[in-house]
Amino acid sequence: MLRQQNPTASTLQLVATDMTEIMENLDTRELDIGDGEEVYDGQDGNNSDSRIPFSAVYKTTGFKEPGARVFLTSIPITAKILEVERFASPQDRFSITNQRSVSKLLPAVFRIELRHGNFTWIVKRKEKHFMELHRELRTYKTLLRIPLPSRTHTERRQTVRHTRQMPTLPRGGGDELVREEQVSSRRRQLEDYLNKLLKMPMYRNYHATMEFIDVSQLSFIHDLGPKGLEGMVYKRSGGHRIPGLNCCGHSKMCYRWSKRWLVVKDSFLLYMKPDSGAISFVLLVDKEFSVKMDSKDTETKHGVRVDSLCRNLVLKFSSYRQARWWGQAIDDFVRKYGSSFLQDHRFGSFAKEAEDIPAKWYVNGKTYMEDVANALEEAEEEIFITDWWLSPEIFLKRPVVEGNRWRLDCILKRKAQKGVRIFVMLYKEVELALGINSEYSKRTLLQLHPNIKVMRHPDHVSSTVYLWAHHEKIVVIDQSVAFVGGIDLAYGRWDDREHRLTDIGSVTRTLNTSAENVGEASPTMAAPSNGPGPAQNGKRSGTESVEQPKLKGYGKNKRNRFSIRKHLQKHGLAPADSVSSIDSSEEKAESAQDLQADVIGLMGNTRFWHGKDYCNFVHKDWIQLDKPFDDFIDRHITPRMPWHDIASVVHGKAARDVARHFIQRWNFTKIMKPKYRSLSYPYLLPKSHSTANEIKYQVPGCIPANVQVLRSASDWSAGIKHHEESIHNAYIHVIENSKHYLYIENQFFISCADNKLVYNKIGDAIAQRIIKAYREGKKYRVYVVTPLLPGFEGDINTGGGSALQAVMHFNYRTMVRGEYSIISQLKKEMGDQWMNYISFGGLRTHAELEGKLVTELIYVHSKMIIADDNTVIIGSANINDRSMLGKRDSEVAVIYEDTETETSIMDGQEYQAGRFGLHLRLECFRMILGANTDPSIDVNDPISDQFYKEVWMTTAARNASIYQKVFRCLPSSDVRTSLELEGYLAKPGLDKEDPARAKEELKKIRGFLVQFPLYFLSEQNLLPPIGSKEAMVPMEVWT
């Protein structure tokens, strides 16, 4: 738009006189379309009753459509003209016209401060803008007086008759106010006019008035923080950072201009389409955020360029002065309210350290999934979930005593029906390589309710990302509670400290109860068939939203089966309505789960793992995931593989940061994939940190700690210009700064950089920290717990598959084999003294299955490090290049630093340990060393010789020795080559030769810890053989 020519004073006089006469003669009345006149009681704008709920961001309508809620109820808007800006023109810009110019001053600009509740903002307007507004309101008024034959129009007209007169716009001297008294008088007149106008709801709610005072439906939403600059702009298309699609709009052929309503907030800006009200782009403020106004940067006249890690956004304005005002105002506002987002934080993280955040850790899936279920139940506005794998039919609370109430898909449907918006992002796997069937998960969730939106990413062909995965595991509730860790909401993950190997429990429940209690069997206790058989898949019907599958033989003797449901109802522990329907009672029946064992004399075992949840993925990978309740391995023959994992939860500002990462990924995926560009997949908005402490729901049992959110993210995963590897940096920092010990649990242990195959430096940092302790003569311990075998399908009795061996190669290369390994580095410095500093372990357990003794390794899936009982990192990032380098898999983790301490012991001395770190370590040590069942085992001092040698090392060696003697299990250091496998396995163990003696031996087992077999297949080349399909993929897939 070109700058309008400046009319002469005489022209302005004529226009002003003409306009004023028209306005003064008009019988313009306040037209309140609502319930007559609004009464302002001057109440506090912070009152939660007057707040606009955050969910309003999903209900925006076109700017000219009536009925949109913009203002806070019963709260006035006041206007005050702070100053009048008059700038001398650097040149007589209008001398080229034929009109005479009486002044070389540019038109006066009124700087108006507006207040509405707690919101304050500034707008700049010229006199002509007041004129234009008044003219438009006059037209609106005239239109309303015409008796159009529509019902709403008639209703509006009826309200006109009973309201008071609209203020007139007093005659003015035009834009060019020369004398000071003229300015002051005009300022008072316009201020008075605007205040009177804003007291009249019918005109205040008219779109022209709202545009005049720069407000929209997103202006006064409490959770979006303070109100920033808003207004109509022209924006240029393009400028996104899309991998492989870098047309940034440098050629005029590449872009187009569109009219949009721009909204600036404290940590983001967005623009909306005025005709529909749809949010059509969100730009998050980050450390690369900058505003440029030079024409060489914007490549357009009167332009402003806003840069971030994700986009270069170019805006166009009608004049040089307007462009300068916008550019400066955007920059000033963001620097005032969003300064923490503009900085590069510790470890290079996108997120700032947050103090005194309520936090909690979880060891194993049982307690984690229970808290996730309870938090989901408390959601009021939004639920964000992203997982590497998600199984909709998993039960989050077990044993199942309330039917389907706590099944993930049922919880999500129940919340969606109550208006909660649910957003799920799933990793889209390469189907030939992985069998997690994310397409089934997406389809199943989308069928539940329109409020559930599911995206999958990446598209491997269009994004050229074949090798990397979205690996983070996040659940965020209302952007104020965020679960972060290693536990996917998927099959096989639920487990507790027992780490059971068997689950052949019957669903029949017999009770010591009178005959009158024996009623009809409850369908809520249905469980899957034992082994493959004609078990029905869950079917949906009108009344029973999700029906449990039928069992072999279940339902034949209905009269003899006991209904747990009725029994719970009789004892007042459960509501009487049906719970196997998704639309079940809202009443809390959590006590039922805890009390069921006491109230009901349960005989026999219940099932914990239903259908596909009973798994042993080294024995057999998942198949037919679209039949969730059918077993795929025979639970009478094959033990399940227990799952050991760690997770955590944060609140407040840290939860906002986790949500911000999710939002960045969601919005990027929406831009990337055309199928998600429709309005049904909305852009997400981050809530302001200014309201982060208003926590409506807090997970019970939290401990305050200082926390910081970390991530691995890059262009392909989050659309950012520079990759982030803050998890890697934090690990190195924690290792280098630890004083006493490190305790590491991780699914992988691939490190020690050679800068050819492996690049992350975690292993090197561990070796250097031990060497430092050795040289200083100080006590220092490192405990590493990792799976005995990688989690790939393959029979280890025949050497395992090529994939399994490839990962083993890199794990062993980090621990003990080759010049780069930790032990090789330590041996050069201290010989065999390394054993006093570092210990590698795995976890194993045993059970009796159908009268036979069985053993299986416990799969360690944790991603955790604890240092000195006061610093912890928990997340989704494995110790390997895929997770740590940032450019590969996407990950999220959190570093916890204790602020509250309690007296503990360290190397025999009193020590102030952090509450979060200490209790997490104690829980892990007690579980894996058996101290929960044997109180004589003391795990309080993590570095004393007595603990390290006589508890940790002795337990690990004894357990490993007993398991080898009883089961001849693999992996074992007695097997150095694949040729020795057959001979080793040919010799039977005690479980075959003397089961009675084997049972006696197994009684000596304490906990689950076993020594890691460092020399298993040590003389074998474990890299994929040439010609195998594993050898054809790049080596970085395994690292």
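Before reading further, recall that the structure is shown in the block above.
Computed from a prediction, not measured in an experiment: that's the story for all the values here.

Let us look at the overall build of the chain. Along the backbone of the chain there are 28 helices and 31 strands. Put simply, the chain has 1039 residues, and 60% of those count as buried. Sequence separation of 24 or more characterises 75% of the internal contacts of the chain that already satisfy a separation of 6 or more. Approximately 41,400 Å² of the chain is accessible, and the part contributed by carbon and sulfur atoms is 49%.

All right, on to helix H10 (residues 365-378) then. Look at H10: 20 Å from first C-alpha to last across 14 residues, which is about the 20 Å you get at 1.5 Å a residue. Buried residues dominate H10, accounting for eleven of its 14 residues. When we look at burial in H10, the residues that qualify are Gly365, Tyr368, Met369, Glu370, Asp371, Val372, Ala373, Asn374, Ala375, Leu376 and Glu377.

Owing to its 3.6 residues per turn, the α-helix brings residues three or four apart onto one side. Along its twelve residues, helix H18 (residues 726-737) runs 16 Å from first to last C-alpha, staying within 8% of the 16 Å computed at 1.5 Å per residue. Ser726, Ile727, His728, Ala730, Tyr731, Ile732, Val734 and Ile735 are the residues of H18 that are buried.

Moving on, we get to the sheet that holds strand E4 (residues 230-236). Spatial ordering of the open sheet is given by E7-E6-E5-E4-E10-E9-E8, a layout of seven strands whose pairing is antiparallel. Among the strands making up the open sheet, the edge pair consists of strand E7 (279-284) and strand E8 (290-292). Between one strand and the next, the sheet's axes are offset by a mean angle of 35°, whatever the strand orientation. Bridging between strand E6 (residues 268-272) and E7 involves five bridges; their strand directions are antiparallel. Within E7, the position partnered with Leu269 by the bridge is Leu283. Its contacts with the sheet place helix H8 (residues 320-337) against E4, strand E5 (257-264), E6, E8, strand E9 (303-307) and strand E10 (312-316), and it is angled at close to 35° to E5.

Here we come to the environment of Lys761. With respect to the helices and strands, the residue Lys761 is situated in the loop between strand E21 (741-746) and helix H19 (762-776). The class for Lys761 is partly exposed, based on a relative accessible area of 43%. Between the C-alpha atom of Lys761 and that of His728, which follows or precedes it by 33 residues, the distance is 8.2 Å. With residues near it in sequence (within four places) discarded, Lys761 still touches His728, Ile732, Ser751, Ala753 and Asn755.

Below, the discussion takes up the packing of aromatic side chains. For the structure on display, the rule yields 42 aromatic pairs. A centroid spacing of 5.8 Å and a plane angle of 85° characterise the contact between Tyr368 and Phe483, whose relative ring orientation is edge-to-face. With a gap of 115 residues between them, Tyr368 in helix H10 and Phe483 in strand E16 (residues 481-485) connect regions that are remote in the sequence. Relative accessible area serves as the criterion here: at 0%, Phe483 is assigned to the buried category.

So, on to the sheet that holds strand E1 (residues 77-85). Across the sheet, three strands lie side by side as E1-E2-E3; this open sheet has antiparallel pairing. With partners counted over all chains shown, the strands left at the sheet margins are E1 and strand E3 (119-126), one partner each. Sheet twist, expressed as the average angle between the axes of neighbouring strands with direction ignored, equals 25°. By the bridge criterion, eight bridges tie E1 to strand E2 (residues 109-116) in an arrangement that is antiparallel.

It is the contact of helix H24 (residues 945-967) with helix H27 (residues 995-1002), at a shortest axis distance of 10 Å, that shows an interaxial angle of 170°. Relative to H27, the element H24 lies roughly antiparallel. Where H24 approaches H27, its residues Ile962, Tyr963, Lys965, Val966 and Phe967 are matched on the opposing element by Ala998, Glu1001 and Leu1002. The residue inventory of the contact of H24 with H27, partitioned by class, reads six nonpolar, no polar and two charged.

Next up on the list: the packing of helix H23 (residues 915-929) against H24. Viewed as axis vectors pointing N to C, H23 and H24 meet at an angle of 50°, and their least axial separation amounts to 10 Å. The orientation of H23 with respect to H24, classified from their angle, is oblique. Seen from H23, the contacting residues are Phe925, Ile928 and Leu929; seen from H24, they are Phe947, Val951, Trp952 and Thr955.

A cis amide bond links Arg398 to the next residue, Pro399, at an omega of 0°. Here Pro399 shows up in the loop between strand E12 (382-387) and helix H11 (408-417). In the segment running from Leu970 into Pro971, the intervening peptide bond is cis, with an omega of 0°. If you trace the backbone, Pro971 turns up in the loop between H24 and helix H25 (979-986). Despite not being glycine, Gln479 shows a phi value in the positive range, around 55°. Structurally, Gln479 can be placed in the loop between strand E15 (474-477) and E16. The residue Asp907 is not glycine, and still its phi comes out positive at about 55°.

This part takes up the environment of Asn940. Tracing the backbone through its elements, the reader meets Asn940 in the loop between H23 and H24. Under the relative-accessibility criterion, Asn940 is labelled partly exposed at 32%. Once the C-alpha coordinates of Asn940 and Ile905 are considered, the two residues, 35 residues apart in sequence, prove to be 6.5 Å apart. Sequence-distant contacts of Asn940, defined by excluding residues within four places in its chain, comprise Ser904, Ile905, Arg921, Leu922 and Arg926.

Thresholds, definitions, all that
- Residues numbered from 1 in each chain as written.
- Predicted model: local features only at pLDDT ≥ 70, side-chain atom pairs only at ≥ 80, totals over all residues.
- Heavy atoms only, no water.
- Helix = DSSP H or I, 4+ residues; strand = E, 2+ residues; numbered from the N terminus.
- Buried < 20%, exposed > 50% of the residue type's maximum accessible area, 1.4 Å probe, protein only.
- Contact = heavy atoms within 4.5 Å.
- Areas by Shrake-Rupley, 256 points an atom, 1.4 Å probe, with all protein chains shown as cover.
- Expected span 1.5 Å × (residues − 1).
- Pairing = 2+ DSSP bridges.
- Axes fitted to C-alpha atoms, helices over the stretch in contact; angles between N-to-C directions.
- Phe/Tyr/Trp six-rings, centres within 6.5 Å; stacked < 30°, edge-to-face > 60°.
- Parallel < 35°, antiparallel > 145°, perpendicular 65-115°, else oblique.
- Nonpolar A, V, L, I, M, F, W, Y, C, P; charged D, E, K, R; others polar.

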